Amino acid sequence: MRKGEFFMPRTFRLKNNESIYHVMCKSITEVDLFKDADDKKKYLSLIKKYKILYNFKLYGYCLMDNHLHLIIDANGSDISKVMHGINFSYALYFNKKHKRCGHLFRDRFKSIIVANDRYLKTLSLYIHNNSTDIIEYKNCPEEYDFSSLAIFIGKRRDHFKLVDYGFIMSLFGKSIKIARKNYYELIFMCNEEKLKQKIEFEDEKSEYKSERKTLVRNFNSDDILEFIASKMNISKIHLYMKYSRSLVQAKALVVVLMRSLCDFKSIDISSTLGNITQARISKLSTIGIELIGTNEKFENIIGDFIKCYA
């Protein structure tokens with residue numbers, strides 16, 4: 001480094017594992033983040049993958065061609081780990097599919113802590129208003145497939161099983177029917193610029209009191225082993241065996257639960273199970289996420305464990 005030159009330090013990211021975040025990601029100037037509908041579907045599938053792994057809550061989303069908005073309740077997870085996993089996996093997919101290399105996202109993702117219910121309501125309306133910028137959806141934003149608005153107002157099923165809309169909708173009315181009516185009317189009463197101004201000038205330092213309960217990730221790994229052994233009708237000692245095809249699903253579920261509920265890294269899981277490589281742990285994690293996401297027998301297994309041991 002020559003005299004007089006210096007590197008600008010990264011801006012410190014304000015974060016709290018109990019917070020709700022407005023997450024924004026943009027592509028670099030010369031490349032669209034999503035080139036087609038399949039790209040957007042892939043991104044949603046990755047949100048689902050990491051939602052299973054980190055057990056966060058998604059309160060809404062809107063994917064545009066060159067940027068995206070998410071409302072994420074960290075629920076005890078680390079927002080940096082969540083977004084790194086999603087965006088890194090998507091960049092690998094995107095570069096491979098479109099035969100390119102290099103960065104896809106502009107800098108790191110931006111995240112703003114949601115301060116109170118008023119801010120959350122305005123933010124939700126704002127991100128769902130984004131699709132009115134697309135000419136064909138100007139007067140019918142609920143028809144846009146890559147926004148959660150239609151799910152909020154009951155016009156479309158949540159095929160990816162992504163959105164935890166109940167908490168936000170409870171802020172708009174005492175019943176889901178009234179809330180949906182109020183929500184849809186407000187989308188058109190407030191234009192995007194006014195909503196954006198309300199978000200930008202909101203006092204983010206005000207105290208946020210709500211009825212949300214945050215998951216504390218300090219569960220015991222032995223309890224997870226006992227729970228999975230019982231669920232899979234095997235002996236706990238089998239989970240320490242180095243390799244057995246018949247035990248792959250059980251081990252995969254153990255890995256996911258330890259990563260999600262004990263906040264274990266691969267090295268911690270390796271130490272707990274013994275005689276297992278980090279590469280194998282990564283493979284088992286993928287298998288476990290797939291099982292929970294596609295097999296009805298296991299789709300509630302994390303929630304079932306929490307009910308037993310919380």
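Just so you know, these numbers come straight off a predicted model, no measurement behind them. (Residues numbered from 1 in each chain as written. Predicted model: local features only at pLDDT ≥ 70, side-chain atom pairs only at ≥ 80, totals over all residues. Heavy atoms only, no water.)

Draft legend 1. The packing of aromatic side chains, seen in detail. Applying the stated rule across the entire model yields 17 aromatic pairs. Ring geometry for Tyr50 against Tyr54: centres 6.3 Å apart, planes inclined by 15°, an arrangement best described as stacked. Separated by four residues within a single helix, Tyr50 and Tyr54 lie in helix H1 (residues 37-54), roughly one turn from each other. The class for Tyr50 is buried, based on a relative accessible area of 11%. Look at Tyr90 and Phe94: their rings are 5.9 Å apart centre to centre, the planes differ by 45°, and that puts the pair in the tilted class. Taken as a pair, Tyr90 and Phe94 lie in helix H2 (residues 79-97) at a separation of four residues, close to a single helical turn. Each member of the pair, Tyr90 as well as Phe94, carries the same accessibility label: buried. Pairwise contacts between aromatic rings join Phe34, Tyr43, Tyr90, Tyr93, Phe94 and Phe105 into one cluster. (Phe/Tyr/Trp six-rings, centres within 6.5 Å; stacked < 30°, edge-to-face > 60°. Helix = DSSP H or I, 4+ residues; strand = E, 2+ residues; numbered from the N terminus. Buried < 20%, exposed > 50% of the residue type's maximum accessible area, 1.4 Å probe, protein only.)

Draft legend 2. View of the side chain of Asn95. As for its placement among the helices and strands, Asn95 is situated in helix H2. Overall, Asn95 belongs to the buried group, its relative accessible area being 13%. With residues near it in sequence (within four places) discarded, Asn95 still touches Arg100, Cys101 and Gly102. (Contact = heavy atoms within 4.5 Å.)

Draft legend 3. How the structure looks around the nonpolar core. One finds Tyr43, Leu70, Met83 and Ile228 to be the most contacted residues of the largest nonpolar core, which totals 97 residues. The biggest single contributor to this core is helix H9 (residues 248-261), with ten residues. Not counting residues up to four positions away in its chain, the partners in contact with Leu70 are Tyr21, His22, Val23, Tyr43, Ile47, Leu58, Gly60, Tyr61 and Met83. (Core = buried A, V, L, I, M, F, W, Y, C linked by side-chain atoms within 4.5 Å.)

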